[in-house]
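Okay, here's what each chain looks like letter by letter:
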Amino acid sequence: MLLSAMPAIGITGGISSGKTTFVNCLRELLPQATFFDADAMARELTRHDQAVLAEIRGKFGNKIFDANGQLNRSALRAMVFQAPEKRRELEQILHPPIRQHWSGEAEKHRQLNDYFFADIPLLYETGGEKLCDRVVVVACSEEVQLRRLMKRTGLDRNSATAIIAAQIALTEKVKRADHVVWNNCPESVLAGQARFLMNLWTGKNL
């Protein structure tokens, strides 16, 4: 299969550009593949990794932990959404263990010639594209991205704009991508683009 020569595929984009929906399309097409979800691992780290939780407590204080010592994820999310510098501080805590884990998984599957997809929202921001054989960027127009983010988070336009601005611009990510998926469209069109790429990578008609 053509993909056996390039088994580590990074999937990225901008916040609310549609990465998760695209990955779900790929999962349906290739259920036997291995998928890594950076956001899911971040949630796992903030629930169970004591070293990470200690760093978060040291950086953000006790006020985001409840009486039982559990992290209040909603309070942390509200804090980092409102202050880009706080968001960067959280990323500096979470991204090293996330990168260590997924890069190891990528190498393991590369040696096995297995299908491996890594959904990494900040792939370019953390230099993770160097660990991928191909990178797919899921992109959409600025207005669609902004509207989706405001709807998902309840943020006002200025706050949502600031969060988008904290990432590398989608236009720049598109320039650096091996493949671009455009997601201003219905999910059926996105699924068609996922099928096209799978056919391209595998040499099959999925």
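Participant: What is the right way to read the pairing of strand β3 (residues 116-119) from this model?
Facilitator: For a regular strand, the rule is simple: side chains alternate between the two faces of the sheet. Along β3, one buried face is formed by F116 and A118 and the opposite face, lined by F117 and D119, is buried too. As paired strands, strand β1 (residues 8-13) and β3 are joined by 4 bridges and run parallel to one another. Paired with I9 across the two strands is F117, which belongs to β3. Bridging between strand β2 (residues 34-37) and β3 involves 4 bridges; their strand directions are parallel. For D37, the partnering residue across the bridge sits in β3 and is D119.

Participant: For this particular structure, what's the right way to read the pattern of salt bridges?
Facilitator: Two side chains that carry opposite charge are able to pair once their charged atoms sit near each other. In the structure shown here, the tally under the stated rule is 6 salt bridges. A salt bridge links E129 to K130; the shortest N-O distance between them is 3.8 Å. A relative accessible area of 17% means that E129 is categorised as buried. Assessed through its relative accessible area of 65%, K130 is described here as exposed. For R176, the salt bridge identified is with E129, shortest N-O distance 3.1 Å. Linking R176 in helix α8 (residues 170-176) with E129 in the loop between β3 and β4 (134-139), this pair joins segments that are 47 residues apart in sequence.

Participant: I would appreciate a short explanation of the packing of helix α6 (residues 142-153) against helix α7 (residues 157-165) in the present structure.
Facilitator: Relative placement of two packed helices is described by the angle separating their axes and the distance separating the axes. Contact geometry for α6 and α7: axes closest at 9 Å, N-to-C directions at 115°. Judged by the twist between their axes, the crossing of α6 over α7 is right-handed. Between α6, through E143, Q145, L146, L149 and M150, and α7, the contact on the second element is made entirely by R157, A160, T161, I163 and I164. In terms of residue class, the contact of α6 with α7 is built from 6 nonpolar, 2 polar and 2 charged.

Participant: What is the right way to read the environment of A83 from this model?
Facilitator: As for its placement among the helices and strands, A83 is situated in the loop between α4 (73-82) and α5 (84-112). Separated by 79 residues in sequence, A83 and A162 have C-alpha atoms that sit 8.8 Å apart.

Participant: Help me understand the nonpolar core, please; the structure alone is not making it clear to me.
Facilitator: Inside soluble globular proteins, nonpolar side chains tend to come together where they are buried. Counting 33 residues, the largest nonpolar core has F36, I56, F60, I64, I98 and W102 as its most contacted members. Put simply, the parts of the chain that give this core at least two residues each are α2 (38-48), α3 (50-60), α4, α5, β3 and β4. Tallying contributions element by element places α5 first for this core, with 6 residues. With residues near it in sequence (within four places) discarded, I56 still touches T46, G61, I64, F65, L71, L90 and I93.

So, how was this worked out
Residues numbered from 1 in each chain as written. Predicted model: local features only at pLDDT ≥ 70, side-chain atom pairs only at ≥ 80, totals over all residues. Heavy atoms only, no water. Buried < 20%, exposed > 50% of the residue type's maximum accessible area, 1.4 Å probe, protein only. Helix = DSSP H or I, 4+ residues; strand = E, 2+ residues; numbered from the N terminus. Pairing = 2+ DSSP bridges. Salt bridge = Lys/Arg side-chain N within 4 Å of Asp/Glu carboxyl O. Axes fitted to C-alpha atoms, helices over the stretch in contact; angles between N-to-C directions. Left-handed = near helix turned anticlockwise from the far one by under 90°. Contact = heavy atoms within 4.5 Å. Nonpolar A, V, L, I, M, F, W, Y, C, P; charged D, E, K, R; others polar. Core = buried A, V, L, I, M, F, W, Y, C linked by side-chain atoms within 4.5 Å.

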